[in-house]
Amino acid sequence: MKNFKNLNLDDLKSQIDIVSLIEEYSIDLEASGDNYIALCPFHPDNKTKSFFVCPATNTWYCFGCKRGSSVFDFIMEIEHKSFWEAVQFLAEKIGYVEIFSLDALQKRLGRLQSEEENVGLNKFRKARNYIEGQIYIKVKENFNTAKDTLDPQKYKVYNEKLKDLWRWYDKGQQWFDLYIYRYKTGENIDLAFLIKKLQSFYSKFLEKFECLSFV
Ligand SMILES: [Zn+2]
């Protein structure tokens, strides 16, 4: 029995394995390199496997409907729950049996969000999903072309640079995660400013990516 007084969102997130979580919903995951692909449970399409799951970052993303992100977002979508309900659901799943009410959970981990704050968070999520989708599509197209056209030596160099760029991208993503986490736990964060930051992060990524494309 785990006491929810010791619970924090990062620990909770890291204790949930996204692959097993998704498989519990009878979603048929097919291995694709280090990742998994599947038919998306959130938009109608029974041909294209546009739903990607990345165990390394414990995240998911659908190229079709542009939904994605963390284990919390997955539960929010599939169980039609609010953020705090998803947190409670996952905490109970891994044995935090002493969570009895959402109020207690929010008091412990954050604050009650006003309607206005929820709208702000949704705006940020939408902007982020859109940007991530654009990035994934660009990188995927470019990667496929590079694979087909570059000679092995050049491809190797390209691949190394791409890996570096992804590391840079992940760091950026973690920065945004941290701010959203701080926002959700009650800190005063200007979400409109954060969206602007997100857009400039995207431009910077594209700049770096353009350089890499001409190897
Ligand atoms: Zn989808």
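These remarks concern the structure in this document. Residue numbering note: each chain is counted from 1, following its sequence as written. Per-residue local features are limited, in this predicted model, to residues with pLDDT of at least 70; the limit for side-chain atom pairs, both in listing and counting, is 80 or more; totals at the level of whole chains, interfaces and linings are taken over all residues. Remark: hydrogens and water are excluded; side-chain values derive from all non-hydrogen atoms of the structure.

### Some details on the packing of aromatic side chains
Quick reminder of the rule: Side-chain rings of Phe, Tyr and Trp, where Trp is taken by its six-membered ring, are said to pair if the distance between their centres is within 6.5 Å; with planes under 30 degrees apart they count as stacked, over 60 as edge-to-face, and otherwise as tilted. Under the DSSP-based scheme used, a helix requires at least four consecutive residues in state H or I and a strand at least two consecutive residues in state E, with every element numbered from the N terminus. Exposure categories follow from relative accessible area, calculated using a 1.4 Å probe and restricted to protein chains: below 20% of the type maximum is buried, above 50% is exposed, and the middle band is partly exposed. Lysine NZ or arginine CZ positioned within 6 Å of the ring centre and within 35 degrees of the ring normal marks a charge as sitting over the ring.
Taken as a whole and judged by the stated rule, the model has 24 aromatic pairs. With a centroid separation of 5.6 Å and an interplanar angle of 65°, the aromatic rings of Phe 176 and Phe 201 are classed as edge-to-face. Here Phe 176, found in helix H7 (residues 152-184), pairs with Phe 201, found in helix H8 (residues 191-213); they are 25 residues apart in sequence, far enough to count as distant. Taken individually, Phe 176 and Phe 201 each receive the classification buried, so the pair is uniform in this respect. Over the face of the ring belonging to Phe 63 we find Lys 140, whose NZ or CZ atom lies 5.5 Å from the ring centre.

### A closer look at the pairing of strand E3 (residues 51-54)
Heads up, the rule is: Two strands pair under a simple rule: DSSP has to find at least two bridges between them.
Covered by surrounding structure in E3 are Phe 51 and Val 53 only, the residues Phe 52 and Cys 54 on the alternate face being uncovered. Strand direction decides the pairing type here: strand E2 (residues 35-38) and E3, joined by 3 bridges, are antiparallel. Considered in E3, the bridge of Ala 38 is made with Phe 51. Where E3 and strand E4 (residues 59-62) come together, 4 bridges link them in antiparallel fashion.

### Focus: the layout of surface pockets
Rules: The way it works is a 1 Å grid over only the protein atoms, where trapped points that fit a 1.4 Å probe form a cavity and open points with protein on both sides within 12 Å along at least five of seven lines form a pocket, and then any residue with an atom within 4 Å of a point lines it. Grid points are joined across faces, edges and corners, and a volume is the space filled by probe spheres set on the points. Just so you know the grouping, Ala, Val, Leu, Ile, Met, Phe, Trp, Tyr, Cys and Pro go in nonpolar, Asp, Glu, Lys and Arg go in charged, and all remaining residues, Gly too, go in polar. The domain boundaries here were taken from an automatic or database domain assignment.
Estimated volume of the largest pocket: approximately 1,800 Å³. Residue lining of the largest pocket: 50 residues in total, with Cys 54, Thr 57, Thr 59, Tyr 136 and Asp 170 positioned closest to the centre. Residue assignment for the lining of the largest pocket shows that the elements contributing at least two residues are helix H1 (9-15), E3, E4, strand E5 (68-69), helix H3 (71-78), helix H6 (115-149) and H7. Along the lines of polarity and charge, the residues of the lining of the largest pocket split into 22 nonpolar, 15 polar and 13 charged. When residues of the lining of the largest pocket are assigned to domains, at least three fall in each of domain 1 (2-97) and domain 2 (102-212).

### Some words on the pairing of E4
Following E3, the chain reverses through 4 residues before pairing antiparallel with E4; Asn 58 in that reversal takes a positive phi of roughly 55°. Count of turn residues in the E4/E5 antiparallel hairpin: 5 residues, of which Lys 66 carries a positive phi of about 60°.

### A closer look at the coordination of the zinc ion
Quick note on the threshold: Atoms of type N, O and S within 2.8 Å of a metal are treated as its donors, and for Na, K and Ca the window is 3.2 Å; water is not considered, so some sites may appear to be missing partners. Angular criteria define each label, namely tetrahedral for four donors with all angles between 85 and 135 degrees, square planar for four and octahedral for six donors with opposite donors over 155 degrees apart and remaining angles between 65 and 115, and irregular for whatever fails these tests.
Distances from the zinc ion to its protein donors, Cys 40 (SG), His 43 (ND1), Cys 62 (SG) and Cys 65 (SG), fall at 2.1 to 2.3 Å. Taken together, the 4 donor atoms coordinating the zinc ion span angles of 101 to 119° at the metal, a pattern that classifies the geometry as tetrahedral. Read N to C, the donor residues that coordinate the zinc ion are spaced as C-x2-H-x18-C-x2-C. Of the two residues, Cys 40 and His 43, both sit in the buried class.

### Thoughts on H7
Let me state the cut-off plainly: Here the expected length of a helix is defined as 1.5 Å per residue gap, with one fewer gap than residues.
Taking 1.5 Å per residue, 33 residues should reach 48 Å; H7 reaches 47 Å between its end C-alpha atoms and fits that length. Inspection of H7 places Tyr 155, Tyr 158, Leu 162, Leu 165, Tyr 169, Gly 172, Gln 173, Phe 176, Ile 180, Tyr 183 and Lys 184 among the buried residues, and these make up the whole buried set.

### Re the sheet that holds E4
Pairing in this open sheet of 5 strands is antiparallel, and the strands run E1-E2-E3-E4-E5 from one edge to the other. For this open sheet the edge positions go to strand E1 (30-32) and E5, each flanked by a neighbour on one side alone.

### Structural notes on the pattern of salt bridges
We count it as follows: Salt bridges are defined by distance alone: a side-chain nitrogen of Lys or Arg within 4 Å of a carboxyl oxygen of Asp or Glu.
Here the structure, examined in full by the defined rule, presents 8 salt bridges. We note a salt bridge from Asp 177 to Arg 128, for which the minimum N-O separation is 3.1 Å. Here Asp 177 is found in helix H7, whereas its partner Arg 128 is found in helix H6, with 49 residues between them in sequence. Judged by relative accessible area, Asp 177 falls into the partly exposed class, the value being 30%. With a relative accessible area of 8%, Arg 128 lands in the buried category. Its salt-bridge partner being Arg 167, residue Asp 164 comes within 2.8 Å of it at the nearest N-O pair. Residue Asp 164 and its partner Arg 167 are both found in helix H7; the two are separated by 3 residues, about one turn of the helix.

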